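Spelled out, the chains give:
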Amino acid sequence: MGTMDDADARTRLAAGQAEEEGTASARTKAELEVADTGILTTLMGPRGEQFRQLTKGLGVEAGVRGNVVQIVGPQAEVEAARRFLSDLVAMLASGTELTPNDLARAVAAVREHPGATLREIFEDVVVIPARKKPIAAKSIAQKRYLQAIRAHDLTFGIGPAGTGKTYLAMAMAVQALLERRIKRIILARPAVEAGEKLGFLPGDLAEKVNPYLRPLYDALYDMMDTEKAGGLVSRGLIEVAPLAFMRGRTLNDSFVILDEAQNTTSDQMKMFLTRLGYSSKAVVTGDVTQVDLPQGHRSGLAEARELLGGIEGIAFCHFTEVDVVRHPLVQRIIVAYDRRDQERKVEKGKE
């Protein structure tokens, strides 16, 4: 992607600063000229609502006169907004497609990481052959997660639901398989609701475990054609199995993903981690605030985070509600429950 100084650049920035008398702090004025009216229209969104939401999230006042975006506000916010909008215009000019939810998450990421740029957030992609669009990181945490998986043989992704932990790991695994860097993918989940005692469910073994593994199949089928994915599963190149099936195995030349790892016991987590063989990668995902184990059983994921932190070759990546990539309400729901949990801790401490 070219810079703003390239011959084919679509935008030109002009910024000026002036301190307004009678105000408690300096306010900055900046202008961003967008030469392409089509890009400006895309930036604004229907009835200008997207632009209003962006500038509100960035903490500035802004308007458009002709083909010039005018930004006013505190100096730090104006500089961040100007950088954000110039990056956005450049990305739109290059053909990048970003949804309103993508942009809302990007604004939250920039507010949390003031030095980050829009390009840094979205530039890391996972390209899967035969898939029309590459899978892109949608937050700083997701970008660091992808980088950690590439650089480490064992990566932990810890955080709330909807932050892309399993989906991105799956994308990396499918890419590695199709590029023949590994020989198989193994996807595992603990069947915690039945306490790994699957005999209480009706049907044969496949029917018993399917409800626990369905989310992994859903992610897999989103990565590639259903028929192709089914062929890889039937040939054993992709295996989806309950965690109990990992015992006694050594997994060489494999990409192994353990999902919902907060529902493993200490012994189960140790068993899984010691299955890793030569030329293999493992990704462990989970949310330590959503443990469904019977009372008295400590989460193997929480314990692993304490025991294995700082060991060379192991990466821990943490996500927050800012990184949620599901419906925007999910982020608000997570915040509400986190607030409740904090209030309960405070009340418990007073007892």
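These numbers come from a predicted model, not from an experiment. (Residues numbered from 1 in each chain as written. Predicted model: local features only at pLDDT ≥ 70, side-chain atom pairs only at ≥ 80, totals over all residues. Heavy atoms only, no water.)

(A) Examining helix α6 (residues 140-151) more closely. The terminal C-alpha atoms of α6, which comprises 12 residues, lie 17 Å apart, in line with the 16 Å expected from a rise of 1.5 Å per residue. Every buried residue of α6 is accounted for by I140, A141, Q142, K143, Y145, L146, A148 and I149. (Helix = DSSP H or I, 4+ residues; strand = E, 2+ residues; numbered from the N terminus. Expected span 1.5 Å × (residues − 1). Buried < 20%, exposed > 50% of the residue type's maximum accessible area, 1.4 Å probe, protein only.)

(B) Up close: helix α1 (residues 37-44). Those residues of α1 not exposed but buried are I39, L40 and L43. Down the axis of α1, the buried set is contained in an arc of 100°. They therefore lie on one face. Turned more than 90 degrees away from the buried face of α1 sit T37 and T41, all of them exposed. Turning to α1, the residues buried within the fold contact β2 (27-34), α2 (49-58), β3 (61-65), β4 (68-74) and α3 (75-93). Residue D36 occupies the N-cap position of α1, its side-chain oxygen lying 2.8 Å from the main-chain nitrogen of G38. Of the residues flanking the end of α1, it is G45, one or two places downstream, whose phi is positive at about 80°. (Arc of directions from axis to C-beta. Contact = heavy atoms within 4.5 Å. Polar contact = N/O pair within 3.5 Å; in protein donor to acceptor, adjacent residues only side chain to side chain.)

(C) Just the pattern of salt bridges, in detail. Tallied over the full model, the rule gives eight salt bridges. We note a salt bridge from D341 to R340, for which the minimum N-O separation is 2.8 Å. Each of the salt bridges in this network shares a partner with another, and the network as a whole consists of R189, D259 and E260. (Salt bridge = Lys/Arg side-chain N within 4 Å of Asp/Glu carboxyl O.)

(D) Structural view of the packing of aromatic side chains. Tallying each qualifying case throughout the model produces three aromatic pairs. For the pair F156 and F316, a centre-to-centre distance of 4.5 Å together with 5° between the ring planes defines the contact as stacked. You can see F156 sitting in strand β7 (residues 154-158) and its partner F316 sitting in strand β12 (residues 314-318), a full 160 residues away along the chain. According to the relative accessible area criterion, F156 is buried, its value standing at 0%. Given a relative accessible area of 22%, F316 falls into the partly exposed group. Between the aromatic rings of Y217 and Y221, the centroid separation amounts to 6.1 Å while the plane-to-plane angle is 25°, which identifies the pairing as stacked. On the criterion of helical spacing, the pair formed by Y217 and Y221 is a turn pair, its members being four residues apart in helix α8 (residues 205-223). (Phe/Tyr/Trp six-rings, centres within 6.5 Å; stacked < 30°, edge-to-face > 60°.)

(E) Just the confidence of the model for the protein, in detail. For the protein, per-residue confidence averages 81 on the pLDDT scale, and 84% of positions sit at 70 or higher. Scored below 50 in pLDDT, residues 1-24 makes 42 contacts in the model with residues more than four places away or belonging to other chains. Here residues 194-199 scores under 50 on pLDDT; set against residues more than four positions off or in separate chains, the count is 13 contacts. (pLDDT = per-residue confidence, 0-100.)

(F) Local environment of the sheet that holds strand β10 (residues 254-258). Strand order in the open sheet formed by six strands is β9-β8-β10-β11-β7-β12, with parallel pairing between adjacent strands. Each having just a single partner strand, β9 (238-242) and β12 make up the two edges of the open sheet. Direction aside, the axes of adjacent strands within the sheet are offset by 15° on average. As judged from the four bridges shared by β10 and strand β11 (residues 281-286), these two strands associate in the parallel manner. (Pairing = 2+ DSSP bridges. Axes fitted to C-alpha atoms, helices over the stretch in contact; angles between N-to-C directions.)

(G) Focus on the nonpolar core. Counting residues in hydrophobic clusters, the biggest one holds 38 residues, and the most contacted among them are Y145, M170, V174, I185, L187 and F255. Among the elements of the structure, α6, α7 (165-178), β8 (184-189), α8, α9 (226-234), β9, β10 and β12 are those that each provide at least two residues to this core. The biggest single contributor to this core is α7, with nine residues. Beyond its immediate chain neighbours, meaning those up to four positions away, L187 contacts M170, L216, I238, E239, V240, A241 and I257. Of all hydrophobic cores here, the second largest spans 31 residues; its members include F51, V60, I71 and M91. (Core = buried A, V, L, I, M, F, W, Y, C linked by side-chain atoms within 4.5 Å.)

(H) Just the pairing of β7, in detail. Of all five residues in β7, five are buried; the element is thus mostly enclosed. Burial of β7 is two-sided: the residues L154, F156 and I158 facing one way and the residues T155 and G157 facing the other way are all buried. Sheet analysis places β7 next to β11, joined by five bridges and oriented parallel. By the bridge assignment for β11, T155 is matched with V283. Taken together, the five bridges between β7 and β12 define a ladder with parallel strand orientation. Residue pairing across strands places L154 opposite I314, the latter belonging to β12.

(I) Representation of the side chain of S299. Tracing the chain through its elements places S299 in the loop between β11 and α11 (300-308). Within polar-contact distance, the side chain of S299 engages the backbone oxygen of Q262 at 2.9 Å. Here S299 is in contact with A261, Q262, T264, V291 and L293, once residues within four sequence places are set aside.

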